[in-house]
Amino acid sequence: MNEFYQKDIISIKDYTKDQLETIFASTDKIMQLNPQDRREICKGKTLGYLFYEPSTRTRLSFDSAMASIGGNSLGISDISSSSTQKGESLADTVRIMSIYSDVLVLRNPLDGSSRFAAEISDKPVINAGSGTEEHPTQAIQDLFTIKKEKKKIDGLKIGIVGDLKYGRTVYSLLYGLGNYDVDVRLISPESLRIRSDSTYEIKKRIDFTETTDIEDHLDELDVLYVTRIQKERFPDEEEYLKVKGSYVVGLDMLKRMKDDAIILHPLPRIDEIAADVDTTKNAKYFEQAEYGKHTRAALLGMILNENGF
Ligand code: CP
């Protein structure tokens with residue numbers, strides 16, 4: 001039996017390096033399959049999604065991934081049109097969705113929501129973003145992108161810039177990178193440093209330095225992972241306005257980076273990467289979004305097939 005069969009994906013912390021490498025190998029395999037063979041992998045299976053927060057990439061890439069492996073998707077992406085509006089609880093909504101689906105994908109603004117859902121659901125639950133806590137399938141996609149584009153993860157110098165306080169992709173990425181030998185620079189405004197309640201956990205896994213000055217690090221980095229300032233998570237708009245536009249990666253910055261450095265971003269992008277960077281060979285964020293479809297197809301294939309694919 002494959003070790004991912006019928007398993008939840010709640011936190012990237014639950015994965016070893018060997019398990020991540022198994023997921024990457026399965027993603028490589030699925031990318032090489034012809035469309036007809038690919039559509040056999042989850043034929044007749046149903047993915048159920050419940051998105052309590054907006055999403056473009058995560059929901060659509062799960063949807064597209066499931067279609068590409070022969071399954072179908074149903075769910076709720078506009079919670080205002082669901083019975084949540086009548087007061088139905090998350091627990092009951094999860095129970096109902098797990099009746100209609102073989103696997104459940106949940107995004108919810110509350111930390112701990114996916115683990116809570118996994119305790120209730122009869123079917124495997126995939127965390128598609130839980131509060132400011134984690135977004136594990138994004139990290140799998142990010143690590144896979146680094147591996148594909150840089151041909152390795154060990155030995156790289158990785159800068160993560162932007163909103164490190166509220167950006168859940170940052171936490172999952174850091175926990176995932178903890179399985180590798182990497183040198184990490186965390187670059188943010190003082191008020192958006194990684195949360196002190198997570199520093200201990202991250203320090204156990206990874207060596208990092210913190211700075212507010214991106215310029216000092218540009219020429220050393222192999223990967224620059226840019227994040228959006230998460231306006232919607234600020235308790236006070238004044239605080240957001242103080243840090244808005246703190247870092248804008250443009251061609252001027254790119255010129256000071258290694259020729260083969262790559263720029264990643266989980267997206268959506270607002271103004272933190274200038275549009276003229278998009279056409280450079282260093283910009284890999286749209287490839288990153290495409291890899292997200294394939295990593296999610298591989299995960300679904302492994303979760304829903306006892307013997308893998
Ligand atoms: N990267 C990401 O989670 O994008 P969405 O919010 O559009 O799903």
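From a predicted model like this one, the values you see are computed outputs, not experimental measurements.

*Asks:* What is the right way to read the sheet that holds strand 8 (residues 223-226) from this model?
*Replies:* In space, the 5 strands of this open sheet follow the order 7-6-5-8-9, with parallel pairing throughout. The open sheet terminates on both sides in strands that have one partner only, identified here as strand 7 (208-211) and strand 9 (262-264). The average undirected angle you get between the axes of adjacent strands in this sheet is 20°. Both strand 6 (residues 183-187) and strand 7 contribute to a ladder of 4 bridges, which runs parallel.

*Asks:* Sorry, what's going on with the sheet that holds strand 1 (residues 46-51) here?
*Replies:* Whether parallel or antiparallel, the strands of a sheet pair through hydrogen bonds between backbone atoms. With respect to topology, 4 strands assemble into an open sheet ordered 2-1-3-4, the strand pairing being parallel. On the outer flanks of this sheet lie strand 2 (72-76) and strand 4 (125-130), each paired with one strand and no other. Direction aside, neighbouring strands of the sheet carry axes that sit 15° apart on average. Pairing analysis gives 5 bridges linking strand 1 to strand 3 (residues 103-108), with the strands arranged parallel. Paired with F51 across the strands is R107, a residue of strand 3. Strand contacts of helix 11 (residues 285-304): strand 1, strand 3 and strand 4, with the helix running at about 130° to strand 3, the strand carrying the most contacts.

*Asks:* Explain the site of the ligand to me, please; I cannot follow it from the model alone.
*Replies:* Every residue near the ligand is listed here: S55, T56, R57, T58, R107, H135, Q138, P266 and L267. Between T56 and the ligand, the recorded distance is 2.8 Å, taken from a backbone N or O atom to an oxygen atom. Within the backbone of P266, an N or O atom sits 2.9 Å from a nitrogen atom of the ligand. If the ligand stood free it would expose 260 Å²; the protein chains cover 91% of that surface. Among the detected pockets, the ligand sits in the largest pocket. Tallied by class, the residues present in the shell around the ligand amount to 2 nonpolar, 5 polar and 2 charged. For the shell around the ligand, the two domains that each supply at least three residues are domain 1 (12-135 + 292-304) and domain 2 (136-289).

What counts as what
Residues numbered from 1 in each chain as written. Predicted model: local features only at pLDDT ≥ 70, side-chain atom pairs only at ≥ 80, totals over all residues. Heavy atoms only, no water. Pairing = 2+ DSSP bridges. Helix = DSSP H or I, 4+ residues; strand = E, 2+ residues; numbered from the N terminus. Axes fitted to C-alpha atoms, helices over the stretch in contact; angles between N-to-C directions. Contact = heavy atoms within 4.5 Å. Near = heavy atom within 4 Å. Polar contact = N/O pair within 3.5 Å; in protein donor to acceptor, adjacent residues only side chain to side chain. Areas by Shrake-Rupley, 256 points an atom, 1.4 Å probe, with all protein chains shown as cover. 1 Å grid on protein atoms, 1.4 Å probe; cavity = no way out; pocket = protein on both sides within 12 Å on 5 of 7 lines; lining within 4 Å. Sits in = over half its atoms within 2 Å of the grid points. Nonpolar A, V, L, I, M, F, W, Y, C, P; charged D, E, K, R; others polar. Domains from an automatic or database assignment.

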